[in-house]
Amino acid sequence: MAKTPAKTPAKTPVKKASTPAKPKAAASKASVSIDKVCEEALSKLKALGIDTQLQADLEWCLGSYKADKNPTGLYEMADRALVIFNTEKAKKTKGVTAKLTGDLEKALKSR
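Source: prediction; values computed, not measured.

A.B. asks: Let's hear about the packing of helix α4 (residues 72-90) against helix α5 (residues 98-109): which residues, and what values?
C.D. replies: At a closest axis distance of 10 Å, the pairing of α4 and α5 adopts a crossing angle of 150°. The angle between α4 and α5 places the two elements in the roughly antiparallel class. In this structure, α4 meets α5 at a crossing whose hand is left-handed. Of α5, the residues touching α4 (which contributes Y75, A78, D79, A81, L82, F85, N86 and K89) are A98, L100, T101, L104, E105, A107 and L108. Residue classes in the contact of α4 with α5 are distributed as ten nonpolar, two polar and three charged.

A.B. asks: Hey, could you go over the packing of helix α2 (residues 34-48) against helix α3 (residues 52-68) for me, with residue numbers and the actual values?
C.D. replies: Between α2 and α3, whose axes approach to 10 Å, the crossing angle comes to 150°. Comparing the axis directions of α2 and α3 gives the class roughly antiparallel. Of the two elements, α2 crosses α3, and the hand of that crossing is left-handed. Judged by residue contacts, D35, C38, E39, A41, L42, L45 and K46 of α2 engage L54, Q55, L58, E59, L62, Y65 and K66 from α3. Tallied by class, the residues present in the contact of α2 with α3 amount to eight nonpolar, one polar and five charged.

About the thresholds
- Residues numbered from 1 in each chain as written.
- Predicted model: local features only at pLDDT ≥ 70, side-chain atom pairs only at ≥ 80, totals over all residues.
- Heavy atoms only, no water.
- Axes fitted to C-alpha atoms, helices over the stretch in contact; angles between N-to-C directions.
- Helix = DSSP H or I, 4+ residues; strand = E, 2+ residues; numbered from the N terminus.
- Parallel < 35°, antiparallel > 145°, perpendicular 65-115°, else oblique.
- Left-handed = near helix turned anticlockwise from the far one by under 90°.
- Contact = heavy atoms within 4.5 Å.
- Nonpolar A, V, L, I, M, F, W, Y, C, P; charged D, E, K, R; others polar.

Below, the structure written as structure tokens:
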């Protein structure tokens, strides 16, 4: 008679101690960072050659953010850029992508 392997009982998962909730800062790292999105928006504005005043404001705010890490100005400029890009997207301007506007919206929601 051939031996058959004995059935092992199903293992029940061991409950681990619950981990504390992750801080909000860790959750925001998973989202889009405002400075990276503003840099992308600035490069796209320059490539399209639109709204030179917003380009200058974005450059100033990015420099200010690098100096003091206060993103308030970047959020305001991202909001302005989103309006411009949505307008250009409605005109079907080549180069304004849904990803760019989506990233701007995500960054603005992470305030």
